[in-house]
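Read off the chains here:
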Amino acid sequence: MNYTTNTMSPYTEQSFGHPLAGIRFVIERNFLRMKSDHESEIAQCDAILSGIVEGSDSKKKLASQVREQHLRMLRDLESGYLFDKLHEIEKIFAVFGMKTVLLPIRYCTKKPFHDDWPNLKFEDTCEVSYCEDLISGNIGIVQGEASENLVSVDVDSDQDFIDFLKLNPRLSRSVKTRGSRGGNLWLRMTGEYPRVSPVKRLSIEEKWGEFRGTGGQTVVYGRHPSFEDYKILLMDQPQEIVECEFDEIIWPASVIAPRRSEARGAVEASQKAVIQQFVRRNQTFPNTGKSSPTDALKKQFDLATFAMECIPGASFHSKGVMISCPFHVERTPSCYVKVDHFHCFGCEERGDAFSLIMKQYGISFPQARNLIEKVVASGLM
Ligand SMILES: [Zn+2]
């Protein structure tokens, strides 16, 4: 392994140049402490057994048993099992990249040790206390920007995972991991890509999987809550993270594909063009009087789909489609859009399709109604 160790005095909580150096330091420290504990227990038993320390026959018998136990534990320790974790983590870095942000996860769970993990940077993972956490449970990977644009496509079922790999022959050569069912295909993104976004089936309200970009994490090592071990698939073969653009990923026809903010799937490109024509012409929307009643119109209009199609930067989230709020200035989107309403958690503004579209495009109510009518009439929603 090619990583550097900062010169440092032992037993100080310091930062290393790379987590592997920190982990080695922590394991060696634990090794020496445990070794010295066992040796001192053995020495105490020896003292009793040799008569240096006085003791009854039963005390001697006990000392003999205790001595055996510590001797056995010392032999186990010297066999190097403590260093197994270091070797496993070396493999993880070798497979996923030396600048990957590893995440300590509680054993047998998917829950990170640290609540603020989405803000972790590689440098944070070089601290000794962080390295101690890393060797004490499961290990995850922070995805997206933190780990040099390392992302994964998480597919929930085994069959869907196999089908997805078949759809993407070049990408399917990349690293694949598995918890208890389905799998994750790991990719390194060049260019733009979405944050973590659920991938839903078209027909039913059911999740197919998830695209895990920035904001996502995936466990790759340790024990799944189902007691199966996380594993890198085909570990006996050479492992390579395939680089690709987000648009190269081919999604099954049965799912709603997540979208890069600007780029859309080829299928939806024509739909988007039609809607954007309406939006671009918003200055000249005629204020026609002949319109269907507002409530009936609202029922036919899917605001979430519209936002996803037409508002730049919109992304899928578990709570709905998320956009940058048009009612207040913000750096990270906090406005949730659902089928029939929106709610901003930044400024508490809420309302229906009309108020969002009027504000978003700076148009009047009749113009917004005209836009919605045209979108509904086009059969796109
Ligand atoms: Zn707002």
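Predicted, not measured: the structure shown is a model, and the values here were computed from it. (Residues numbered from 1 in each chain as written. Predicted model: local features only at pLDDT ≥ 70, side-chain atom pairs only at ≥ 80, totals over all residues.)

**Overview of the sheet that holds strand β13 (residues 320-323)**
Here is the rule: A strand pair is defined by DSSP finding two or more bridges across the two strands. Labels follow the DSSP assignment, with helices taken as runs of H or I lasting at least four residues and strands as runs of E lasting at least two, numbered in each case from the N terminus.
Spatially, 5 strands are ordered β12-β13-β14-β15-β16 in an open sheet, and the strand pairing comes out antiparallel. The open sheet has two free edges, formed respectively by β12 (315-317) and β16 (350-351), since each of these has just one partner strand. Both strand β15 (residues 342-344) and β16 contribute to a ladder of 2 bridges, which runs antiparallel. Directly across from F342, in β16, lies its bridge partner G351.

**Re the packing of helix α9 (residues 353-361) against helix α10 (residues 365-377)**
The test is simple: To obtain an axis, a line is fitted to C-alpha atoms, over the contacting stretch when the element is a helix, and the angle between two such axes runs from 0 to 180 degrees between their N-to-C directions. Note on angle classes: values under 35 degrees are labelled roughly parallel, values over 145 roughly antiparallel, values of 65 to 115 roughly perpendicular, and the remainder oblique. Throughout, a residue-residue contact means that the two C-beta atoms, derived from backbone geometry, are no farther apart than 7 Å. In this classification, the charged set is Asp, Glu, Lys and Arg, the nonpolar set is Ala, Val, Leu, Ile, Met, Phe, Trp, Tyr, Cys and Pro, and all remaining amino acids, among them Gly, are polar.
Relative orientation of the contacting elements α9 and α10 amounts to 110°, with a least axis distance of 9 Å. In terms of axis orientation, α9 runs roughly perpendicular to α10. Side by side, α9 and α10 meet where A353, F354, I357 and M358 of the first sit next to F365, A368, L371 and I372 of the second. Residues belonging to the contact of α9 with α10 are distributed by class as follows: 8 nonpolar, no polar and no charged.

**Things to note about helix α1 (residues 19-49)**
It helps to recall that an α-helix has 3.6 residues per turn; residues three or four apart then point in one direction. Test applied: For a helix, the expected span equals 1.5 Å multiplied by the number of residues minus one.
For α1, built from 31 residues, the straight-helix expectation of 45 Å at 1.5 Å per residue is met to within 8% by its first-to-last C-alpha distance of 45 Å. Looking at the packing, one finds that the buried side of α1 touches α2 (57-78), α3 (84-96), β1 (102-105) and α4 (128-134). Just past α1, the residue G51 takes up positive phi, approximately 85°.

**Notes on the nonpolar core**
Just so we agree on the cut-off: For this analysis, nonpolar core means a set of buried Ala, Val, Leu, Ile, Met, Phe, Trp, Tyr and Cys residues linked through C-beta atoms within 7 Å. Exposure criterion: with C-beta atoms placed from backbone coordinates, a residue whose C-beta has 20 or more other C-beta atoms within 10 Å is buried, one with 12 or fewer is exposed, and one in between is partly exposed. Where each domain begins and ends follows an automated or database-derived domain assignment.
Counting residues in hydrophobic clusters, the biggest one holds 44 residues, and the most contacted among them are I23, L103, L134, I139 and I141. Counting residues domain by domain, this core receives three or more from each of domain 1 (19-79) and domain 2 (86-256). With residues up to four places along the chain from it excluded, the contact list for I141 reads F96, T100, V101, L102, L103, S147, L150, Q217, T218 and V220. With 26 residues, the next largest nonpolar core counts M308, I357, I372 and V375 among its residues.

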